[in-house]
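Descriptive analysis of the structure
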Amino acid sequence: GQSLEQPSEVTAVEGAIVQINCTYQTSGFYGLSWYQQHDGGAPTFLSYNALDGLEETGRFSSFLSRSDSYGYLLLQELQMKDSASYFCAVRDKSGNTPLVFGKGTRLSVIA
Amino acid sequence: DVKVTQSSRYLVKRTGEKVFLECVQDMDHENMFWYRQDPGLGLRLIYFSYDVKMKEKGDIPEGYSVSREKKERFSLILESASTNQTSMYLCASSPPTGTGTQPQHFGDGTRLSIL
C-alpha cells in the first residue's frame, strides 16, 4: 500500500518562514506534488518535484529527497492569506494514474 | 483558466434517496476524479475516469457509482444515500499524466448532508 505523513497543524507568525514536511511510503514513486486549500475553497496546485532538489516559485519552495522518501514545502515571508490547508500528494504508479493525497496540514498564520 | 463546475454547492437529501452529483469541465481533459473530504481524513478517491464510458474504482467506491457519457461530464451517484455519506464531495479534472504529472483542477465542492 501507500501512506503519506504530514503534521496535522502548524502555527507561524506573519513575516516568518515555515516548513511543512511530508514523508511517504509507496511501492513506486513518480513525483511529489503540493496543493493549497483555503477554508471553503477548492484545492489548487502549488508545485511538483520529480527529481531531488529545491523548486522555487516566488515565496513558496518545494524540496524533494527521493533517497529519504521525504519532501517539504517552504513558505517564506508569511502572510495572513497563507492560512490554509496544505496537502502533499504522490503518484505511486507510472502512466495515467491518480494521485494519493496526504491528510493535510492546517497552517495558521498569526500576527 | 480551467473551469470545473459542480452542480450544487450545498445539498440536503434523505436516507435511502438516490443522489446525483454532477461535474462539468471545460478544458477537454481526459481525466476526471471524484473525492470525498472529511475532517482529519484528507482527500479520499472514490472513482476516476480516463475516458468516456470508462471508470475505475478508487479507494472508497462502496455505496457509489459513476457515469461518464460525455467527455466533459462526470457524475457521481449515491445509489441509496446513508448518513455516513454526509461529506464534502470534490470533483477534479486533468490532462493525461504520462510519466510526469499534470495539475488536477478542482471544483468548489458540494457539501452533501444526508438526514
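For the structure given in this document, a descriptive report is provided here. What you see as residue numbers is a count from 1 along each chain, following the sequence as written. As a convention, the first chain written is A and the first ligand written is 1, with the rest following in written order. Local features in a predicted model are, by the rule used here, given only for residues with pLDDT of at least 70; side-chain atom pairs are given and counted only at 80 or more, and totals for whole chains, interfaces and linings are based on all residues. Heavy atoms throughout the structure, all of them, feed into the side-chain values; hydrogens and water do not.

1. A closer look at the nonpolar core
Defined as follows: Put simply, buried Ala, Val, Leu, Ile, Met, Phe, Trp, Tyr and Cys residues joined by side-chain atoms within 4.5 Å make one nonpolar core. In this scheme, a residue with accessible area under 20% of its type's maximum is buried, one over 50% is exposed, and one in between is partly exposed, where area comes from a 1.4 Å probe on protein chains only. Working definition: helices are DSSP H or I runs of at least four residues, strands are E runs of at least two. Numbering for both runs from the N terminus. Throughout, a residue-residue contact means that at least one pair of heavy atoms, one from each residue, lies within 4.5 Å.
Core analysis: the biggest nonpolar cluster contains 21 residues, and Leu-75, Tyr-86 and Leu-107 of chain A have the highest contact counts within it. Within the residue set of this core, elements represented by two or more residues are β2 (9–13), β3 (18–25), β4 (32–37), β7 (60–65), β8 (70–75), β9 (84–90) and β11 (105–110) of chain A. Beyond its immediate chain neighbours, meaning those up to four positions away, Leu-75 of chain A contacts Ala-16, Ile-17, Val-18, Ile-20, Arg-59, Phe-60, Asp-82, Tyr-86 and Leu-107 of chain A. Membership of the second largest hydrophobic core comes to 20 residues, among which are Val-4, Ala-81, Tyr-89 and Cys-91 of chain B.

2. As for the state of the cysteines
One way to say it: the disulfide is the covalent bond shared by the sulfur atoms of two cysteines. Residues and elements named next belong to chain B. Applied cut-off: The rule for a disulfide is simple: a pair of cysteine sulfur atoms within 2.5 Å.
Under the definition given, this model contains 2 disulfides over all chains. Shown here is the disulfide that connects Cys-23 with Cys-91, its sulfur atoms set 1.9 Å apart. What sets the handedness of the Cys-23 and Cys-91 disulfide is the S-S torsion sign, and at about -80° it is left-handed. Highlighted residues: Cys-23 in strand β4 (residues 23–25) and Cys-91 in strand β10 (residues 87–94), separated in sequence by 68 residues. Judged by relative accessible area, which is 0%, Cys-91 ranks as buried.

3. Quick notes on the packing of aromatic side chains
The cut-off we apply is this: Paired rings are identified among Phe, Tyr and Trp, the last through its six-membered ring, by centres lying within 6.5 Å, and are further divided according to the angle between planes into stacked (under 30 degrees), edge-to-face (over 60) and tilted (the rest).
Scanning all chains against the criterion turns up 14 aromatic pairs over all chains. Centroid distance Tyr-35 of chain A to Phe-45 of chain A: 5.6 Å. Interplanar angle 75°. Geometry classified as edge-to-face. Residue Tyr-35 of chain A is found in strand β4, and its partner Phe-45 of chain A is found in strand β5 (residues 44–49); the two are separated by 10 residues along the sequence. Three or more aromatic residues link up through ring pairs in this structure, and these residues are Tyr-35, Phe-45 and Phe-101 of chain A together with Phe-33, Tyr-35, Phe-48, Tyr-50 and Phe-106 of chain B.

4. Here's the deal with the sheet that holds strand β1 (residues 3–5) of chain A
Two orientations exist for strands paired in a sheet by backbone hydrogen bonds: parallel and antiparallel. Residue and element names in this part refer to chain A. The condition that has to hold: One requirement defines pairing of two strands: DSSP has to find at least two bridges between them. Axes here mean lines fitted to C-alpha atoms, for a helix over just the part in contact, with angles spanning 0 to 180 degrees between N-to-C directions.
Ordered in space as β1-β3-β8-β7-β6, the 5 strands form an open sheet in which the pairing is antiparallel. The open sheet has two edge strands with one neighbour each: β1 and β6 (53–57). Strand-to-strand, the axes of this sheet are offset by a mean angle of 15°, without reference to chain direction. Alignment of β3 against β8, held across 6 bridges, turns out to be antiparallel. By the bridge assignment for β8, Asn-21 is matched with Tyr-72.

By themselves these figures say nothing about function.
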